[in-house]
Structure formats: structure tokens, C-alpha cells
Amino acid sequence: MSSATPQTFASLKDLPGSSATAVDAVPSESTDLPEPKIDAQGRAYATGKRKNAVARVWIKPGSGRVTVNGRDSTVYFARPVLRMIVSQPFGIVARVDQYDVVATVVGGGLSGQAGAVRHGISKALTYFEPVLRGPLKAAGFLTRDSRVVERKKYGRAKARRSFQFSKR
């Protein structure tokens, strides 16, 4: 290869052995999205986790009613912050009051349970409408928050707290 000849990307197609055409390099317009995962009742199911809470979530098209452990979400999650956490995925993808949610949650406290329901709703939305994966992923709702309480160690008062030191 001589350094006197300027090299451009257009001249690469003239090289011997290059069978790639410009059409092959450009991705096709139809992106291959996965098929929706919907059961016989027309629902999408997903499992959400946060801290020690595990939520089983089913969503189906409806009027926007959220039921957690057989109770309305306004009763189960009494604090407005927890209700806001549960409804965040619908606000991100502009699907407010379009899906009914039925969730069963076990373990952890109310904050962890709200996070688990949010995680489950986000995953179920991606199963129902695979196009929504991008906005939900960008908002961080599809990532399982792996932070859990650190265990207590022997010889310590708590996980890291020592017993009070006494000089005498």
C-alpha cells in the first residue's frame, strides 16, 4: 500500500474480496422486536424484586385500577410517595389509566414492596408491549436494585457498629 494514494471509505468497496454492499451495512427498518408474552386471559406476568420483597404482577388492558394483595393500592400503600413509586412506569411510557394491575407481594416492608411492584409492572409492560423497553430501561426501572440490608456480624452491636469502648 503506497502512502501517495489517499484512502477513503468509498474506495474500500473496490478492494478485492470485499463482497459487502452498502445495502448490507445499513440495518433494516423493521427492528426485530420480541413477540408479546400474553397468557390465555390476555394478561402479561412478571416478577419484581426489591430488598427482601418479591412481587408477582399481572397487567391487562383496563381502567387503571391497581390491586395489591386483594386491596386497592390507595389502601395498601397509604403514603402518597409509595403510590407515586408504583405509578411511575405508566407515567414514563404515557400509559396512565390504560392497564389494570393485580399484584401479590410478600416479604420486606412497604417501601421495598412498592419498589418490587414498580419493578414488576415495568417488566410486565415490556412483555405486553416490547416497544416500551427503551424508555423503561433508560429510566432505570428494569434494573433490579440489588442493595439489601447488611447482616449483623459477631462481636459487633450491628452490622458495623462496635460496642461502646470503656477505658476503665
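For the structure, check the block above.
All values reported here derive from a predicted model rather than from experimental measurement.

Draft legend 1. Seen up close, the overall build of the protein chain. Broken down by element type, the protein chain carries five helices and five strands. Secondary structure elements of the protein chain occur, N-terminal to C-terminal, as α-β-β-β-β-α-α-β-α-α. Carbon and sulfur atoms provide 56% of the accessible area of the protein chain, an area that totals close to 11700 Å².

Draft legend 2. Broad picture of the sheet that holds strand 4 (residues 71–72). The sheet built from five strands is open, its strands ordered 1-2-5-3-4 with mixed pairing. On the outer flanks of this sheet lie strand 1 (44–50) and strand 4, each paired with one strand and no other. The strands that helix 4 (residues 110–128) touches are strand 1, strand 2 (53–61) and strand 5 (99–106); relative to strand 1, the one it contacts most, it runs at about 145°.

Draft legend 3. Structural context of the nonpolar core. Core analysis: the biggest nonpolar cluster contains 30 residues, and Ile59, Phe77, Val117, Ile121 and Leu125 have the highest contact counts within it. Secondary-structure elements contributing two or more residues to this core are strand 1, strand 2, strand 3 (66–68), helix 3 (80–92), strand 5 and helix 4. Element by element, the count of residues in this core is highest for helix 4, at seven residues. Once residues lying within four places of it in the same chain are set aside, the contact partners of Ile121 are Val57, Val86, Pro89, Phe90 and Val101.

Cut-offs applied
Residues numbered from 1 in each chain as written. Predicted model: local features only at pLDDT ≥ 70, side-chain atom pairs only at ≥ 80, totals over all residues. Heavy atoms only, no water. Helix = DSSP H or I, 4+ residues; strand = E, 2+ residues; numbered from the N terminus. Areas by Shrake-Rupley, 256 points an atom, 1.4 Å probe, with all protein chains shown as cover. Pairing = 2+ DSSP bridges. Contact = heavy atoms within 4.5 Å. Axes fitted to C-alpha atoms, helices over the stretch in contact; angles between N-to-C directions. Core = buried A, V, L, I, M, F, W, Y, C linked by side-chain atoms within 4.5 Å. Buried < 20%, exposed > 50% of the residue type's maximum accessible area, 1.4 Å probe, protein only.

On their own, these measurements won't tell you what the molecule is for.
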